[in-house]
Amino acid sequence: MQIPYGRQWIDEEDIKAVEEVLRSDYLTTGPKVSEFEKDVCGYVGAKYGVAFSSGTAALHAACRAANVGEDEDDEVITSPLTFAASANCAFYAGGKPVFADIDPRTWNIDPVDVERKVTRNSRALVLVDFAGQPCDMERYWVVAKKHKLALIEDAAHALGAEYRGKKTGSYSDMTIFSFHPVKHITTGEGGMVVTNNEAYYEKLLRFRNHGITRDERWMTQREGGWYYEQLELGYNYRLTDIQCALGISQLKKLPMFLERRREIADRYSRAFRRVKGVTVPYEIPMVNSAWHLYVILVPAEIRRQAYDRLHEAGVLVNVHYLPVYMHPYYREHGYAKVCCPKAEAYYERALSLPIYPAMTEEEIEYVIETTSRIVEELQP
Ligand SMILES: Cc1ncc(COP(=O)(O)O)c(C=O)c1O
């Protein structure tokens, strides 16, 4: 048995939806893009959505829409416990990431440390809903408003999560999602920014398409039907109709996907709470996690061996994440002295167990039985 830590669910409906687009007039920049954007907005409760070619492109766009890079010294505060893209986006936009440590209980960024890291150069706060558990938004809102920071939520892990009964996507200035195959729904590669702010929306639309507009409100002159203008430097970050058709079809299954992820997480928590030396994820009372990842902490001395033995047994656990500033690129670019002790302590103990809707009962049982046995045998 080989059980990956995550994988997609593709069925005949999805294949049919993609096939229809392949037989239609538009492979890209056609009707499926706005349909997908509308569906995601309707689902999360946001006004505007702009689909991007990846979650990373969406983060880049959100940073630029928030004017990161306008001044040379602009800083973006983010979590070290994330995929590198949450921090790289600050560099892409012409700013610099600054890391605040995590809360060792929730594994999300610590609002108290965020406030400590604010300087007069801080321009945005990129929150990461780690593993699918939304940040306690009200605490960051206070900090963001006080210091006039744009609040960007990296919800690549959290499509369908809820905070105080509302879906992730309706709280922050801009929220980004990723549709990579290990995420909740997939378009192969893909991402989206959702926002309730029209000005951000307009900027995001242009940024996705070379900075080009055909909107007469923004153009310096009118020439004729063919005419468009490039107003700023943008990119080709478009998502195709082929991918959006897949996204539309996948989104219909999201409630079922989430239910299954929550069921698996619940089974794991009940089982692993009883295993000596294992810490299961803490669940913040007013949130409902989307469970992109299910992480357990084991004693640091046994993590490496537990990882290797689980792989030998076909349970393909993973480790999320090496704190971003510890990557060689960061060390070589001024971050060698950065230290977030809580993120580092977490990193030494973490193991992400397989969790995805297509897991069979037999696979879930196998993960529980194998992990419990190996961790117990390795106890120091
Ligand atoms: C927290 C986080 N942010 C951003 C991204 C980037 O998304 P994408 O792979 O769609 O570019 C990922 C992807 O793994 C992620 O986990």
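Residues numbered from 1 in each chain as written. Predicted model: local features only at pLDDT ≥ 70, side-chain atom pairs only at ≥ 80, totals over all residues. Heavy atoms only, no water.

Chemist: Help me understand empty space enclosed by the protein in this model?
Modeler: Empty space among the atoms becomes apparent when a probe as large as a water molecule is rolled across them. Across all of its chains, the model carries two cavities of 30 Å³ or more by this definition. Both domains that furnish three or more residues to the lining of the largest cavity are identified here as domain 1 (12–252) and domain 2 (254–378). Space inside the second largest cavity adds up to approximately 60 Å³. Lining of the second largest cavity is provided by Arg7, Gln8, Trp9, Pro181, Lys183, His184, Ile185, Thr186, Gln250, Phe257, Arg261 and Pro357. Taken together, the residues of the lining of the second largest cavity sort by class into five nonpolar, four polar and three charged. Taken domain by domain, the makeup of the lining of the second largest cavity includes at least three residues from each of domain 1 (12–252) and domain 2 (254–378). (1 Å grid on protein atoms, 1.4 Å probe; cavity = no way out; pocket = protein on both sides within 12 Å on 5 of 7 lines; lining within 4 Å. Points joined across faces, edges and corners; volume = space filled by probe spheres on them. Domains from an automatic or database assignment. Nonpolar A, V, L, I, M, F, W, Y, C, P; charged D, E, K, R; others polar.)

Chemist: Is there a simple way to think about the domain arrangement of the chain in this case?
Modeler: Interfaces are often sized by the amount of accessible area the parts lose when they come together. What the domain assignment reports for the chain is domain 1 (12–252) and domain 2 (254–378). Relative placement of domain 1 and domain 2: their C-alpha centres are 26 Å apart. With 40 residues of domain 1 at the contact, the number on the domain 2 side is 34 residues. For the pairing of domain 1 and domain 2, the buried interface totals around 3300 Å² over both sides, and the portion due to carbon and sulfur atoms is 66%. Summed over the shared surface of domain 1 and domain 2, the number is zero salt bridges. Across the domain 1-domain 2 interface, the total number found is 20 residue pairs in polar contact (both at pLDDT 80 or more). Broken down by secondary-structure element, the contributors of at least two residues to the side of domain 1 that touches domain 2 are helix H4 (85–92), strand E3 (96–99), strand E6 (162–163) and helix H8 (241–252). For the side of domain 1 that touches domain 2, a count of residues per class yields 23 nonpolar, nine polar and eight charged. (Contact = heavy atoms within 4.5 Å. Buried area = accessible area lost by both parts, 1.4 Å probe. Salt bridge = Lys/Arg side-chain N within 4 Å of Asp/Glu carboxyl O. Polar contact = N/O pair within 3.5 Å; in protein donor to acceptor, adjacent residues only side chain to side chain. Helix = DSSP H or I, 4+ residues; strand = E, 2+ residues; numbered from the N terminus.)

Chemist: Please clarify how unusual backbone geometry should be interpreted in this entry.
Modeler: Peptide bonds are, in most cases, trans, and in most cases residues other than glycine have a negative phi. A cis geometry characterises the amide bond from His320 onward to Tyr321, with omega recorded as 0°. Structurally, Tyr321 can be placed in the loop between helix H10 (300–312) and helix H11 (328–335). Positive phi, close to 70°, is recorded for Asn67, a residue that is not glycine. Among the structural elements, Asn67 can be located in the loop between helix H3 (55–65) and strand E2 (75–78). On the accessibility criterion, Asn67 (25% relative accessible area) is partly exposed. Backbone geometry at His210 places phi at a positive 65°, although glycine is not the residue there. Tracing the sequence through the fold places His210 in the loop between helix H7 (198–208) and strand E10 (212–213). Its relative accessible area of 32% is what places His210 among the partly exposed residues. (Buried < 20%, exposed > 50% of the residue type's maximum accessible area, 1.4 Å probe, protein only.)

Chemist: Looking at this model, I keep getting lost on the sheet that holds strand E4 (residues 122–128). Mind explaining?
Modeler: Here we have seven strands laid out as an open sheet, ordered E1-E9-E8-E5-E4-E2-E3, and mixed in their pairing. Edge positions in the open sheet fall to strand E1 (48–52) and E3, since each of these has one partner strand only. On average, adjacent strands in this sheet sit at an angle of 25° to one another, irrespective of strand direction. Two strands pair when backbone bridges link them, and strand E5 (residues 150–154) and strand E8 (residues 174–178) are joined in this way by three bridges, in the parallel orientation. (Pairing = 2+ DSSP bridges. Axes fitted to C-alpha atoms, helices over the stretch in contact; angles between N-to-C directions.)

Chemist: What is the right way to read the sheet that holds E6 from this model?
Modeler: Taken in spatial order, the three strands of this open sheet run E7-E6-E12, and their pairing is antiparallel. Pairing within the sheet leaves two strands with one partner each, and these edge strands are strand E7 (166–167) and strand E12 (287–288).

Chemist: Even after reading the chapter, I still don't get the site of the ligand, so can you show me in this structure?
Modeler: In the vicinity of the ligand, 14 residues are found, and the nearest of them are Gly55, Thr56, Asp154, Ser178 and Lys183. Contact distances for the ligand include 2.9 Å between an oxygen atom and a side-chain N or O atom of His157. With respect to the ligand, the side chain of Lys183 contributes an N or O atom lying 2.8 Å from an oxygen atom. Relative to its unbound accessible area of 390 Å², the ligand is 91% covered by the protein chains. Its atoms largely coinciding with the cavity grid, the ligand occupies the second largest pocket. If one sorts the elements of the shell around the ligand by residue count, H3 sits on top with three residues. Classifying every residue of the shell around the ligand gives four nonpolar, eight polar and two charged. (Near = heavy atom within 4 Å. Areas by Shrake-Rupley, 256 points an atom, 1.4 Å probe, with all protein chains shown as cover. Sits in = over half its atoms within 2 Å of the grid points.)

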